[in-house]
Amino acid sequence: MSTAATDVWGDQFNEDERALLAPFVTDLDAPIFGLRNLPEVVKGALFSRYSRSDKSLRRILLDEFIQAPESGFDAIVGGAATNGVAQIVATQQAEAFYERVLIGYGDDSVAELGGAHLACEGISNVAAKALEDSRIGISPLEKSTRYVVFNRKVDGRYRYLRETAIMASRHAAAYEVAMDQLFEAYSTLLEPTIAFLREQTPRDVATSERAYNSATRAKACDLLRGLLPMATLTNVGLFGNGRAFEYLLTRLYAAPQTELHELADAMQTALDTLIPSFVKRAKSERGRAHQEYLRGMRERIAALGDGGWRLGAGYGQPNPQPPSPIPQEVTLVDYEPDAEARTVAAILYPHTDLPLAEVRALAARLTDAEQLTIIRAYVGERASRFHRPGRAFEEPFYTFDLLADLGAYRDLQRHRMLTQDRQRYGVRHGYVTPPELDAAGLSAPYAAALERAAAAFETIAADLPAQAQYAVPLAFRVRWRIKLNLREVYHLAELRSAPQGHPAYRRIAHAIAAAVSAVHPTLAEGMRFVDMSDYALDRLDAERRLDAKLGRLP
Ligand SMILES: Cc1cc2nc3c(=O)[nH]c(=O)nc-3n(C[C@H](O)[C@H](O)[C@H](O)COP(=O)(O)OP(=O)(O)OC[C@H]3O[C@@H](n4cnc5c(N)ncnc54)[C@H](O)[C@@H]3O)c2cc1C
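Everything numeric here is computed off the predicted structure, so don't read it as measured data. (Residues numbered from 1 in each chain as written. Predicted model: local features only at pLDDT ≥ 70, side-chain atom pairs only at ≥ 80, totals over all residues. Heavy atoms only, no water.)

### Observations regarding the nonpolar core
Generally speaking, soluble globular proteins have nonpolar side chains that are buried together.
Here is step 1 of the chain: Counting residues in each nonpolar core, the largest one holds 91 residues, and the members touching the most others are Tyr175, Leu227, Phe400, Trp480 and Ile508.
Here is step 2 of the chain: Sorting elements by how many residues they give to this core places helix 9 (residues 172-200) first, with 12 residues.
Here is step 3 of the chain: The contact partners of Trp480, leaving out residues within four places of it in the chain, are Phe400, Asp401, Leu402, Ala404, Ala408, Tyr409, Leu412, Gln420, Asp421, Arg422 and Ile508. (Core = buried A, V, L, I, M, F, W, Y, C linked by side-chain atoms within 4.5 Å. Buried < 20%, exposed > 50% of the residue type's maximum accessible area, 1.4 Å probe, protein only. Helix = DSSP H or I, 4+ residues; strand = E, 2+ residues; numbered from the N terminus. Contact = heavy atoms within 4.5 Å.)

### Quick word on the pattern of salt bridges
Two side chains with opposite charge may pair up if their charged atoms get near one another.
Here is step 1 of the chain: By the definition in use, this model includes 32 salt bridges.
Here is step 2 of the chain: The partner of Lys55 in a salt bridge is Asp63, with the nearest N and O atoms 3.8 Å apart.
Here is step 3 of the chain: Exposure remark for Lys55: the relative accessible area of 32% places this residue in the partly exposed category.
Here is step 4 of the chain: Accessibility expressed as a relative area gives 31% for Asp63, which makes it partly exposed.
Here is step 5 of the chain: Arg225 is the partner of Asp411 in a salt bridge, and the nearest nitrogen-oxygen pair spans 3.0 Å. Taken together, the positions of Asp411 in helix 18 (residues 406-412) and Arg225 in the loop between helix 10 (209-224) and strand 5 (233-241) put the pair 186 residues apart, joining distant regions of the chain. (Salt bridge = Lys/Arg side-chain N within 4 Å of Asp/Glu carboxyl O.)

### What to know about the site of the ligand
Here is step 1 of the chain: Near the ligand you find 14 residues, and of these Glu142, Arg414, His415, Arg416 and Glu488 are the closest.
Here is step 2 of the chain: Arg416 places a side-chain nitrogen or oxygen 2.5 Å from an oxygen atom of the ligand.
Here is step 3 of the chain: A distance of 2.9 Å is found between an oxygen atom of the ligand and a side-chain nitrogen or oxygen belonging to His491.
Here is step 4 of the chain: Protein contacts shield 65% of the accessible area of the ligand, which totals 940 Å² for the unbound molecule.
Here is step 5 of the chain: Of the residues in the shell around the ligand, the class split is 4 nonpolar, 4 polar and 6 charged. (Near = heavy atom within 4 Å. Polar contact = N/O pair within 3.5 Å; in protein donor to acceptor, adjacent residues only side chain to side chain. Areas by Shrake-Rupley, 256 points an atom, 1.4 Å probe, with all protein chains shown as cover. Nonpolar A, V, L, I, M, F, W, Y, C, P; charged D, E, K, R; others polar.)

### Digging into the sheet that holds strand 6 (residues 330-335)
Here is step 1 of the chain: Taken together, 4 strands build an open sheet; the order of strands is 6-7-9-8 and the sheet is antiparallel. Of all the strands in the sheet, just strand 6 and strand 8 (419-422) have a single pairing partner and so form its edges. Taken over all neighbouring pairs, the strand axes of this sheet differ in orientation by 15 degrees on average, direction set aside.
Here is step 2 of the chain: Two elements, strand 7 (residues 397-405) and strand 9 (residues 477-485), share 9 bridges in a ladder whose sense is antiparallel. Within strand 9, the position partnered with Asp405 by the bridge is Arg477. (Pairing = 2+ DSSP bridges. Axes fitted to C-alpha atoms, helices over the stretch in contact; angles between N-to-C directions.)

### Notes on the environment of Gly122
Here is step 1 of the chain: Relative to the helices and strands, Gly122 resides in strand 1 (residues 115-124).
Here is step 2 of the chain: Assessed through its relative accessible area of 30%, Gly122 is described here as partly exposed.
Here is step 3 of the chain: Taking C-alpha positions, Gly122 is 27 Å from Arg298, a pair spaced 176 residues apart along the chain.
Here is step 4 of the chain: Other than its neighbours up to four places away in sequence, Gly122 contacts Leu233, Thr234 and Asn235.

This is the structure in structure tokens:
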């Protein structure tokens, strides 16, 4: 038995030990290495030992897992090679061991040491938004309403949620008729819309048929997505860590919609087979108390009754006329008047050893020109939008009230580095009609289907306000607030004004950038990648670039 060289902590592994470790680490000697071929729970438990052990990770893996019978390591990892079910059973058998390690050697954050990929298929847009409301620790990706046409029928039926409470109520038939009419209008208008777009923006010789077809089809889907109701079924893939999943499940259980409870149950079942020790608390006594707390927050405010501030609620009341002229989409509600001085202080702070209050006082005494010099030096030459100024730009905050169609909300809700909260999905703010549909002479069937859905919403909402939200088409407006720092303003405005973006959110990105520039021109000066142009076919440039990558010529 030969002995290997010592590692960075002076540990030595003999040849037998090296052979045992080899399948599970990317390198047997280097101080920087990865773990492989290990279930999530083992990886999580292994890392959780870091905080309470003087040993190297390879030594812990060997002594406390591979060679410790109570860890069930052989069964878990050996079984995994040939049989996933065996691995799950073995993990469950050894759960007490992992519980002890995870709970004994860390705080709540140990549940962030294991993750899982989940596919959530055939869920409504209401549910997709609930999943995507997560900010830290969950990374979602959703089926696009731009690249996928949503008029496929399964067993002769359009794919939207027949919501349990609505279908059990006297509104079932009206709901199905209204939803079917929306999908019918979407299907009927698709080809004429594509034909109109092709006529308006003919293909030029520099553009391949593939790129042109993709761009016109994507544009038609964009124009018609307003017809899709929130009940439309979609797919969302999630990657997340255990702690984030546990909180997400707790929030779903606390929500008012049955679909979300069923989704939480189904997600819990899947996660219990993958990372059981990390998510078990969502339904434990502690988890139920947390659910109760979250539910209580909503219900206590609702129970306060109409103190005058709820006059806007509007459920069960006649649908007011859609506001005219078009309501203001973006309102900057507040910002810090001394944002420049605060930002300058934050820029200088790491370069001094003074307390923040003193640096702020110093920055406030600088002239405007001196402040500008410091801000310009900090921002430097940005070669692309990815060159984002640093954390000093997280000092100023801006609060916006937004009112835009649900399609735009759906897209912008995906930003996580901000605080955002919306009002209920409803119809009282009216709907948007893309000007292209007017120009194509196609807006009448579009409007008719939306108005029927609005009428169905109003009737259902009188009895089932939470469930009626499924009936709201994406063309209707919703109001939401966002509070974001300047660094995120740069990110959001530059990303969301890109040519391939949907015009609805590009307009909002432009208005956010303009509002910040108006109040803080010095701070906004570096926001150089906000694209203000209009594009007839948003996707065309992106498709041409794809052609170039594919090596295709027109
Ligand atoms: C043209 C376009 C098409 C799109 N199509 C689709 C689509 O088909 N399907 C779909 O689901 N979504 C789609 N999206 C949405 C996209 O996936 C993002 O969810 C959205 O743009 C939010 O951007 P973000 O994650 O960069 O920003 P934010 O959440 O605002 O975060 C800001 C920045 O913080 C950092 N950051 C934040 N969270 C994390 C994290 N967890 N890990 C690492 N870094 C993080 C990143 O640097 C990020 O850029 C599309 C977006 C655009 C612009």
